[in-house]
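Listed here are the chains, written in short residue letters.
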Amino acid sequence: MGNVVIFGNQKGGVGKSTLAVLYACWLADVRRHSVCLIDLDAQANSSKSLRSASAIAEAVELFGGDMGPIIPACPQTISLAPGGKKLADVELARAEVVIPTFRRNVIRLAQEFDAVVIDTPPALGLRMSAALIAGHAVACPIELEEYSIDGVADMLKTIFGVRRQYNPQLRLAAILLNRFNPHSLRQKAAMQDLALNFREFVIPARISTRSAIPEALAAGVPVWRLPKSAAREASLEVMRVFELLQQRIDASKEPVPAQEQP
């Protein structure tokens, strides 16, 4: 069964959707995987970036019942469960009904695809909880600002709580340093604070603030396909981060002793 990787942070504006899309593209282009991206954000930014991908079902439908037939996945392709405004209504549903349904549908997708990537809304709610209960690994993007770091602590508490009560498979695979400005003393201080408090989770690579990344996604392509010299350095950073992330995701699926506690 394929990995189910969640991009989550309980704070918005950290580049979560951008990295979820780029990671899905990296899996397809570099790892030659078949990938399904589920967009659980009502703003549907991931869906807009992947507008050329084939849609398997609306993301909201994954909460409402068992899926119909799925077209067999092909290597190097991305399929999409697009988000939309109707997802906001999921928060009003009965958790004991819709979360098991969502989990069942995600498991089915993981059996059909090499990887399932879930982009979550920037707040703890039913959709975020459903993703964590259905997933294997969490990638937590963070922008190096004080409030973003506070959001990491909240996200850790949520992940470990879900792991204890509902999903013992779940792991925080990595904290991803995004939109880094090497000239900012404030960000450098925040990075030191992050390394001090969350050293075991922080990937030793970072993605700088680069205009080529949003420019590429606006064009509907990953940054390494953008025919500009400015995209080369951005591509190297992004791919290095994803290589390290994938190493941790693969390691996180290894059996864990029963007595280990999160």
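Model, not experiment: these values are computed from the prediction.

Draft legend 1. Region of the structure containing helix α8 (residues 230-252). Over its 23 residues, α8 extends 34 Å from the first C-alpha to the last, a length consistent with the 33 Å expected when each residue adds 1.5 Å. Regarding α8, the residues found buried are Ala231, Ala234, Ser235, Glu237, Val238, Val241, Phe242, Leu244, Leu245, Gln246, Ile249 and Ser252. Those residues of α8 that are buried are in contact with β1 (3-7), α1 (16-29), β6 (137-143), β7 (171-180), β8 (202-208) and α7 (212-218).

Draft legend 2. Geometry of the nonpolar core. Ranked by internal contacts, the top residues of the largest apolar core, which has 51 residues, are Ile38, Phe102 and Ile175. Core analysis: the second largest hydrophobic core is formed by 43 residues, Leu50, Ala205, Leu226 and Ala234 among them.

Draft legend 3. How the structure looks around the side chain of Glu237. On the secondary structure map, Glu237 appears in helix α8. With relative accessibility at 18%, the residue Glu237 sits in the buried group. Leave out the neighbours within four places in its chain, and Glu237 touches Arg206, Ile207, Ser208 and Arg210.

Draft legend 4. Region of the structure containing the sheet that holds strand β4 (residues 78-81). As summarised here, the arrangement of the eight strands in space is β3-β4-β2-β5-β1-β6-β7-β8, forming an open sheet in which the pairing is parallel. Across the chains shown, the open sheet's two edge strands, defined by having one partner strand only, are β3 (54-55) and β8.

Draft legend 5. View of the packing of aromatic side chains. Under the criterion given, the structure shown has six aromatic pairs. Between Trp26 and Phe242, the ring centres sit 6.0 Å apart and the planes meet at 55°, which makes this aromatic pair tilted. Taken together, the residues Trp26 in helix α1 and Phe242 in helix α8 connect sequence positions 216 residues apart. Each of the two residues, Trp26 as well as Phe242, counts as buried. Relative to Phe102, the ring of Phe63 lies with its centre 4.5 Å away and its plane at 15°, an arrangement referred to as stacked. Placement of the pair is Phe63 in the loop between β3 and β4 and Phe102 in helix α3 (residues 95-112), with a sequence separation of 39 residues. Under the relative-accessibility criterion, Phe63 is labelled buried at 4%. Its relative accessible area of 0% is what places Phe102 among the buried residues.

Draft legend 6. Structural view of the packing of α3 against helix α4 (residues 126-134). Interaxial distance between α3 and α4 falls to 9 Å at its minimum, and their mutual angle equals 45°. When the axis of α3 is compared with that of α4, the two are oblique. Helix-helix and strand crossings are classified by hand; for α3 and α4 the assignment is right-handed. The segment α3 lies against α4, with Ala95, Val98, Ile99, Phe102, Arg103 and Val106 engaging Leu126, Ser129, Ala130, Ala131, Ile133 and Ala134. Across the contact of α3 with α4, the residue classes tally to ten nonpolar, one polar and one charged.

Draft legend 7. Quick look at the confidence of the model for the protein chain. Residues at a pLDDT of 70 or more form 95% of the protein chain, whose mean pLDDT is 90. Segment residues 256-262 is flagged for pLDDT under 50; beyond a separation of four residues in sequence, or across chains, it makes five contacts in the model.

Draft legend 8. Fine view of the packing of α1 against α8. Taken N-terminus to C-terminus, the directions of α1 and α8 make an angle of 80°; their axes are 11 Å apart at the nearest point. In this view, α1 runs roughly perpendicular relative to α8, as classed from their interaxial angle. Contacts between α1 and α8 involve Leu19, Leu22, Tyr23, Trp26 and Leu27 from the former and Val238, Met239, Phe242, Glu243, Leu245, Gln246 and Ile249 from the latter. Considered class by class, the residues forming the contact of α1 with α8 number ten nonpolar, one polar and one charged.

Draft legend 9. Geometry of the pairing of β8. Taking burial as the measure, the seven residues of β8 include five buried ones, the bulk of the element. Of the strand pairs in this sheet, β7 and β8 are connected by three bridges, and their pairing is parallel. By the bridge assignment for β8, Leu177 is matched with Arg206. In this region the chain leaves β7, passes through helix α6 (residues 185-198) and returns to the parallel neighbour β8; the handedness of that crossover is right-handed.

Draft legend 10. View of the environment of Ile107. Assignment of secondary structure puts Ile107 in helix α3. Distance in space between the C-alpha atoms of Ile107 and Ala59 is 14 Å, their sequence separation being 48 residues.

About the cut-offs
Residues numbered from 1 in each chain as written. Predicted model: local features only at pLDDT ≥ 70, side-chain atom pairs only at ≥ 80, totals over all residues. Heavy atoms only, no water. Helix = DSSP H or I, 4+ residues; strand = E, 2+ residues; numbered from the N terminus. Expected span 1.5 Å × (residues − 1). Buried < 20%, exposed > 50% of the residue type's maximum accessible area, 1.4 Å probe, protein only. Contact = heavy atoms within 4.5 Å. Core = buried A, V, L, I, M, F, W, Y, C linked by side-chain atoms within 4.5 Å. Pairing = 2+ DSSP bridges. Phe/Tyr/Trp six-rings, centres within 6.5 Å; stacked < 30°, edge-to-face > 60°. Axes fitted to C-alpha atoms, helices over the stretch in contact; angles between N-to-C directions. Parallel < 35°, antiparallel > 145°, perpendicular 65-115°, else oblique. Left-handed = near helix turned anticlockwise from the far one by under 90°. Nonpolar A, V, L, I, M, F, W, Y, C, P; charged D, E, K, R; others polar. pLDDT = per-residue confidence, 0-100. Right-handed = clockwise from strand over helix to strand, strands pointing away.

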